[in-house]
Amino acid sequence: MAETQFSVPQGDFDLIRYPPTRDQNLRAWDAADELLLAHVADVMTEGPFRSVVTVNDGFGALSVAVRAAGKADPQNKVSFVSDSHVASIAIRQNLDRNGLAPLDADDVCDPDLVLIKIPKTLGLLEFQLSELRASLRPTTVVVAGGMTRDIHASTIDLFERIIGPSRTSHAKKKARLIFSELDPELSPVAPQPTVFPLGLQDVQLVNYPGIFSAKRLDNGTRLLLENLPLTSGSPDVIDLGCGNGALGVAIALANPNAHVTFVDESHLAARSAEETFNGAFSALDGAGAPRAKFRVGDCLDGLHGDSADLIVCNPPFHQGRVQIDDVAWKMFTGAKRVLRPGGELFVVGNRHLEYFDKLQRAFGNSQIMASNSGFVVVRAVA
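Here's what I pulled together on the structure shown here. From a predicted model like this one, the values you see are computed outputs, not experimental measurements.

**Comments concerning the state of the cysteines**
By definition, a disulfide links the sulfur atoms of two cysteines through a covalent bond.
So, point 1. The tally for this structure, following the rule as stated, stands at zero disulfides.
So, point 2. You can see C242 has no disulfide; the closest cysteine sulfur is in C313, sitting 10 Å from it.
So, point 3. For C242, a relative accessible area of 6% puts it in the buried group.
So, point 4. Among the cysteines around C313, which has no disulfide bond, C299 carries the closest sulfur, lying 8.2 Å off.
So, point 5. The exposure class assigned to C313 is buried, which follows from its relative accessible area of 1%.

**Focus on the sheet that holds strand 17 (residues 339-350)**
So, point 1. Ordered in space as 13-12-11-14-17-19-18, the seven strands form an open sheet in which the pairing is mixed. In this open sheet, the two strands that pair with only one neighbour each are strand 13 (291-296) and strand 18 (366-371). On average, each strand axis in the sheet is inclined to that of its neighbour by 15°, with strand direction left out of account.
So, point 2. Sheet topology note: the strand 11 (residues 236-240)/strand 12 (residues 259-264) ladder contains five bridges and is parallel. Counted as the bridge partner of L240 is V263 from strand 12.
So, point 3. Relative to the sheet, helix 9 (residues 326-338) contacts strand 11, strand 14 (308-313) and strand 17, its axis offset from that of strand 17 by approximately 160°.

**With respect to unusual backbone geometry**
So, point 1. Residues Y18 and P19 are joined by a peptide bond in cis, for which omega reads 0°.
So, point 2. By the secondary structure assignment, P19 is in the loop between strand 2 (11-14) and helix 1 (31-43).
So, point 3. You will see that K173, though not glycine, has its phi angle at about 55°, which is positive.
So, point 4. When you line up the elements, K173 lands in the loop between strand 7 (166-168) and strand 8 (175-180).
So, point 5. Here K173 falls in the exposed class, since its relative accessible area comes to 57%.
So, point 6. The backbone of K174 shows a phi angle near 65°, a positive value even though the residue is not glycine.

**Things to note about the nonpolar core**
So, point 1. One finds F6, F13, L15, L37 and L115 to be the most contacted residues of the largest nonpolar core, which totals 38 residues.
So, point 2. Elements with a contribution of two residues or more to this core: strand 1 (5-8), helix 1, helix 2 (61-69), strand 4 (77-81), helix 3 (85-97), strand 5 (113-117), strand 6 (141-147) and strand 8.
So, point 3. If we ignore the near neighbours within four places in the chain, the residues touching L37 are F6, V8, P9, Q10, A61, L62, A65 and V66.
So, point 4. Within the second largest apolar cluster, 31 residues are counted, among which are V203, A246, A250 and V312.

**Quick notes on the sheet that holds strand 3 (residues 51-55)**
So, point 1. Strand order in the open sheet made by the six strands is 4-3-5-6-8-7, with mixed pairing throughout. Taken across any chain shown, the strands that pair with only one partner, and hence form the sheet edges, are strand 4 and strand 7. Each strand of the sheet is rotated relative to its neighbour by a mean of 20°, with strand direction disregarded.
So, point 2. Across three bridges, strand 7 lies against strand 8 in antiparallel orientation. Bridge assignment links R167 to a residue of strand 8, and that residue is F179.

**A word on the pairing of strand 10 (residues 204-207)**
So, point 1. In the sheet, strand 9 (residues 194-197) pairs with strand 10 via four bridges, with the strands oriented antiparallel. The residue bridging F196 from the neighbouring strand is L205, located in strand 10.
So, point 2. Counting the residues between successive antiparallel strands, the hairpin from strand 9 to strand 10 contains six residues, one of them, G199, with a positive phi of roughly 95°.

**Regarding the environment of K293**
So, point 1. In this fold, K293 is placed in strand 13.
So, point 2. Sequence separation between K293 and V260 is 33 residues, and the spatial gap between their C-alpha atoms is 6.5 Å.
So, point 3. Look past the residues within four positions of K293 in its chain and what remains in contact with it is V260, T261 and F262.

What counts, and at which threshold
Residues numbered from 1 in each chain as written. Predicted model: local features only at pLDDT ≥ 70, side-chain atom pairs only at ≥ 80, totals over all residues. Heavy atoms only, no water. Disulfide = S-S within 2.5 Å. Buried < 20%, exposed > 50% of the residue type's maximum accessible area, 1.4 Å probe, protein only. Pairing = 2+ DSSP bridges. Helix = DSSP H or I, 4+ residues; strand = E, 2+ residues; numbered from the N terminus. Axes fitted to C-alpha atoms, helices over the stretch in contact; angles between N-to-C directions. Contact = heavy atoms within 4.5 Å. Core = buried A, V, L, I, M, F, W, Y, C linked by side-chain atoms within 4.5 Å.

Limitation: the analysis is restricted to geometry and does not speak to function.
Put into structure tokens, the structure is as follows:
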């Protein structure tokens with residue numbers, strides 16, 4: 001059974017991962033969480049923090065601990081910033097699991113303390129720091145934490161360029177902290193999304209920071225694009241884990257009568273897909289443009305059963321830096337529920353992920369439609 005007891009200076013807590021994982025070796029925290037909270041306990045001897053913001057708190061280790069530390073103060077405020085909808089679900093779950101009040105609204109104005117977990121990509125970190133800067137004051141304590149593999153000279157340079165003077169701690173248990181002070185004289189330029197061609201009708205894909213395959217069309221998506229099914233009539237289509245919206249836009253280009261729903265757990269992905277779609281069809285009036293919806297959600301949760309004719313998907317096989325198939329499996333079982341009888345799921349993935357076997361277990365009616373040295377496209381029928 002996976003370890004769930006999280007002990008830090010703020011108390012002992014019961015934390016679990018979300019979505020649930022079958023890997024019993026995975027915990028809902030890491031050494032960087034422990035190091036951040038140990039530092040917070042040390043500096044709190046100088047006085048309490050009334051307003052705390054946690055950034056990229058994957059499962060709630062930081063938010064639960066700082067919420068518990070300030071629960072005796074009715075004016076204590078803890079807010080959360082993340083691109084991940086799934087992370088917000090995990091935090092709510094673990095707060096409730098430990099008998100703690102929900103976090104406050106996503107209002108990061110004038111915080112006393114900002115705790116940042118270093119994300120996987122520097123692009124996302126740059127975007128988040130640029131957004132946060134406007135809410136900081138010179139007395140705000142800004143501390144970031146990550147595993148040493150994620151903190152490089154370029155990471156420190158980013159904090160110094162956007163926030164101000166920064167330094168690092170010694171490493172402990174392969175984790176390290178970054179301490180940064182606001183320099184009011186800095187005027188950093190906010191990062192812009194990258195734009196590159198889809199390869200269809202001069203459409204440009206819009207990628208906000210942190211979205212998969214930031215500078216070019218990835219090879220898996222390219223293979224699926226070459227093997228998308230032709231649709232007729234007015235099918236209900238879902239681009240699941242849409243990223244920049246390449247798959248859904250391609251279907252809408254081929255069949256303007258299709259009703260396409262773009263779904264991703266990333267707020268910036270949904271934003272990327274919407275801007276890609278709007279750019280692709282900007283020359284059309286309201287009556288001529290395909291109908292589209294853009295949804296931030298946990299896989300297909302909240303969508304009605306028997307409501308889709310086609311689902312296309314290039315699933316993630318990592319959660320953070322952990323390779324895991326729990327998210328893909330939830331996508332597959334959700335697709336089985338949401339597809340109408342005879343509806344199709346088209347999935348692309350790396351060959352070693354064995355998606356054909358997984359889809360055969362979930363659907364019992366699957367076939368390989370295309371493959372190359374690195375990827376395979378699988379069709380499953382509900």
